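Examination of the molecular architecture
What follows is each chain in one-letter form.
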Amino acid sequence: MDPVRNPYAPGAGQRPPELAGRDDQLHAFDVVLERVAKGRPERSIILTGLRGVGKTVLLNALRSAAVRAQWGTGKLEARPDQGLRRPLSAALHVAVRELGHPQLEAVEQVLGTIKAFALRDSGPSSKLRDRWSSGIDVPATTGRADSGDIEIDLVELLSDLGGLAADLGRGVAIFVDEMQDLGPDDVSALCAACHEISQAGLPVIVVGAGLPHLPAVLSASKSYSERLFRYTRIDRLDRAAADTALVAPAREEGAGFTPEALAEMYAVTAGYPYFVQAYGKVAWDVAPTSPITLADVRVAVPEAEAELAVGFFGSRYERATPAEREYLRAMADAAVTRETEGLDPVRPSLVDTSEPATEPDSVATAAVAAVLARKPQSLSPARDALLKKGLIYSGERGQIAFTVPHFGRYLRSTA
Ligand SMILES: Nc1ncnc2c1ncn2[C@@H]1O[C@H](COP(=O)(O)OP(=O)(O)O)[C@@H](O)[C@H]1O
Ligand SMILES: [Mg+2]
């Protein structure tokens, strides 16, 4: 069918034509916004999930909801080896502008504090620092948020910001994507600041998104983090939501799918949003006419897989060194060995029993070592590097899993 009218949108952070299956999260967030604006206690929110389940897209949708509620919002994406001060100050600068507080003096005071907070950055790249500009054209204040202790500074900064929003009966929401990549000091400071802010009843919330081990990162940093955040697992779509994700955008274009085509789509995508978009896009293009049939989907599958092999899987595999690739392949093999031995893939989780075990590829690090016939310690460097690159994660001690769904299957298919 006409590729120009193809509605599907595979790609990291790409807004889907239909945000399917997230009504619960959107509704819950509206409640949070109202409660916080009324000074009622609420926890900050953490979205966790594998790559491609739609965390970034949901984060953006929540941000839009906050903007509609006339909140000040700002967003940043954490990066390994980058401090929080600059990206956060840029995000808060936006939030202050969005709030649109009518009193110039109050606004400039807060902007000056944001600037002071940013300028306290003591990154190693001094050359870059010299050229960096906060983009805030009021003078930095002194004596507030500039002690150099990120925890103290963040509390002061968010308190001032919260005060500004509270004046207006509104709030500030800070969105942090890839939150697991924040450095330990920054994580700890952010937790402490959330703690202070919520105790003071100020209308500031943090909405974070990250890989499944993010709750572990937070609780390792501050033991009280479990009470501080509301954790929401973002997962693959159920059958009905996956169908909606495909059917609603097609209907907009006057097209549709046969029931058999939809069943096959769910079989191949397993409801993972990225795959829904990727297979949907190719199925649309290869189908000669509407409705898209089972036969069309069958033609589309190898083509979509080839595209995913390059874009979704390959681009990540390429980031691994030869030793790390060997480790990844051993993980994929260990997962299969376990399955064929009939061991229960659903391990009792120590962290959260309310969540289904959706990581069938999760394996014991000892099993990986066994596949490679090596001592576990000798594999630590490869494993640690893969953790740092965000290709694998450890949800519980001694276990690891791919952060990318179907990665094990991909590796085995390219063996
Ligand atoms: N609820 C949803 N319904 C349909 N498609 C979605 C949904 N959430 C995400 N997508 C699609 O999935 C892909 C990955 O989304 P993204 O937010 O980048 O995932 P993540 O941040 O978890 O890696 C994008 O192509 C997006 O359009
Ligand atoms: Mg993302």
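Residues numbered from 1 in each chain as written. Chains lettered and ligands numbered in written order. Predicted model: local features only at pLDDT ≥ 70, side-chain atom pairs only at ≥ 80, totals over all residues. Heavy atoms only, no water.

Turning our eyes to something else, we now look at the overall build of the protein. Counting its regular elements, the protein contains 17 helices and eight strands. In terms of overall size, the protein behaves like a compact globule, its C-alpha atoms giving a radius of gyration of 23 Å where 415 residues would be expected to give roughly 22 Å. With the C-alpha coordinates aligned to their principal axes, the bounding extent of the protein is approximately 65 × 60 × 45 Å. Expressed as a percentage of its 415 residues, the buried residues of the protein come to 50%. Contacts spanning at least 24 positions in sequence make up 78% of the contacts within the protein whose residues lie at least 6 apart. With an accessible surface of roughly 19200 Å², the protein has 51% of that area assigned to carbon and sulfur atoms. Distance between charge centroids for the protein: 3 Å, based on 46 positive and 54 negative side chains. (Helix = DSSP H or I, 4+ residues; strand = E, 2+ residues; numbered from the N terminus. Rg over C-alpha atoms; globule rule 2.2 N^0.38 Å. Buried < 20%, exposed > 50% of the residue type's maximum accessible area, 1.4 Å probe, protein only. Contact = heavy atoms within 4.5 Å. Areas by Shrake-Rupley, 256 points an atom, 1.4 Å probe, with all protein chains shown as cover. Lys, Arg positive; Asp, Glu negative; His and termini not counted. Charge placed at Lys NZ, Arg CZ, Asp CG, Glu CD.)

Turning our eyes to something else, we now look at the site of ligand 1. For ligand 1, the set of nearby residues contains 24 residues, the closest of which are A9, G13, Q14, G52 and K55. G11 places a main-chain nitrogen or oxygen 3.1 Å from an oxygen atom of ligand 1. A distance of 2.8 Å is found between an oxygen atom of ligand 1 and a side-chain nitrogen or oxygen belonging to T56. Look at ligand 1: alone it shows 560 Å² of surface, and the protein chains cover 96% of it. For the shell around ligand 1, the elements supplying multiple residues, two or more each, are α2 (55-68) and α12 (273-286). Looking at the shell around ligand 1, its residues break down into 12 nonpolar, seven polar and five charged. (Near = heavy atom within 4 Å. Polar contact = N/O pair within 3.5 Å; in protein donor to acceptor, adjacent residues only side chain to side chain. Nonpolar A, V, L, I, M, F, W, Y, C, P; charged D, E, K, R; others polar.)

A separate point is the sheet that holds strand β7 (residues 392-393). Two orientations exist for strands paired in a sheet by backbone hydrogen bonds: parallel and antiparallel. The strand order across the open sheet formed by three strands is β6-β8-β7, and the pairing between neighbours is antiparallel. Edge positions in the open sheet fall to β6 (363-364) and β7, since each of these has one partner strand only. When β7 meets strand β8 (residues 399-402), the two strands line up antiparallel, connected through two bridges. By the bridge assignment for β8, I392 is matched with F402. (Pairing = 2+ DSSP bridges.)

Further remarks concern the environment of K115. Position of K115 among the secondary structure elements: in helix α4 (residues 104-119). Take K115: its relative accessible area is 17%, and that puts it in the buried class. With 43 residues separating them along the chain, K115 and L158 place their C-alpha atoms 13 Å apart. Those residues within four positions of K115 in sequence are excluded, and the remaining contacts are S134, I136, V138, P139 and A140. Looking at K115, its side chain comes within polar contact range of the main-chain oxygen of V138, at 3.0 Å.

On to the domain arrangement of the protein, then. In many reports, interface size means the accessible area that the parts give up when they come together. In terms of domain boundaries, the protein breaks down into domain 1 (23-233), domain 2 (238-316) and domain 3 (320-413). On the side of domain 3, 11 residues touch domain 1, which itself brings seven residues to the contact. For the pair domain 1 and domain 3, the two sides together bury roughly 910 Å², of which 56% comes from carbon and sulfur. Looking at the side of domain 1 facing domain 3, the largest losses of area belong to L50, R51 and R233, adding up to 56% of the total buried there. Scanning the region where domain 1 abuts domain 3 turns up one salt bridge. Measuring nitrogen to oxygen at the nearest pair gives 3.7 Å for the salt bridge that ties D81 to K388. Viewed at the interface, domain 3 and domain 1 are joined by two residue pairs in polar contact (both at pLDDT 80 or more). Grouping the constituent residues of the side of domain 1 that touches domain 3 by class yields three nonpolar, one polar and three charged. (Domains from an automatic or database assignment. Buried area = accessible area lost by both parts, 1.4 Å probe. Salt bridge = Lys/Arg side-chain N within 4 Å of Asp/Glu carboxyl O.)

Within helix α8 (residues 214-221), the full set of buried residues consists of L214, P215 and L218. Along the long axis of α8, the arc covered by the buried residues comes to 100 degrees, so they all point the same way. (Arc of directions from axis to C-beta.)

A pair can form between side chains of opposite charge whenever their charged atoms are brought close. This model, assessed by the stated rule, comprises 16 salt bridges. Linking R35 and E42 is a salt bridge whose minimum nitrogen-to-oxygen distance equals 2.8 Å. Relative accessible area serves as the criterion here: at 18%, E42 is assigned to the buried category. Two residues, D243 and R239, come together in a salt bridge whose shortest N-O distance is 3.0 Å. Taken together, the residues span about one helical turn, with D243 and R239 both in helix α10 (residues 239-252) at a distance of four residues.

Confidence in the prediction for the protein averages 91 pLDDT; 92% of positions are at 70 or higher. Confidence drops under pLDDT 50 across residues 342-358; counting only partners more than four residues distant or on other chains, this segment forms 14 contacts. (pLDDT = per-residue confidence, 0-100.)

This next bit is on the side chain of D177. Inspection of the secondary structure assignment puts D177 in strand β3 (residues 172-177). Polar side-chain contacts of D177 include one of 2.7 Å to the side chain of T56. When neighbours within four sequence positions are excluded, D177 is seen to be in contact with T56, L59, K75, L76, E77, A78 and A209.

A few words on the environment of A278. Note on placement: A278 falls in helix α12. In the structure, A278 is positioned 267 residues away from G11 in sequence and 8.2 Å away in space, judged by C-alpha atoms.

This brings us to the nonpolar core. F29, Y327, L328 and F407 are the most contacted members of the largest nonpolar core, which totals 79 residues. Ignoring sequence-local partners within four residues, the contact set of Y327 consists of T365, V368, L372, L379, A382, R383, L386, I392 and I400. Membership of the second largest hydrophobic core comes to 47 residues, among which are V96, L158, V176 and L190. (Core = buried A, V, L, I, M, F, W, Y, C linked by side-chain atoms within 4.5 Å.)

So, about helix α3 (residues 85-99). The terminal C-alpha atoms of α3 lie 21 Å apart, and with 15 residues this matches the ideal 21 Å at 1.5 Å per residue to within 8%. Along α3, 11 of the 15 residues are buried, which leaves the element largely enclosed by surrounding structure. Within α3, the full set of buried residues consists of R85, R86, P87, L88, S89, A91, L92, H93, A95, V96 and L99. (Expected span 1.5 Å × (residues − 1).)

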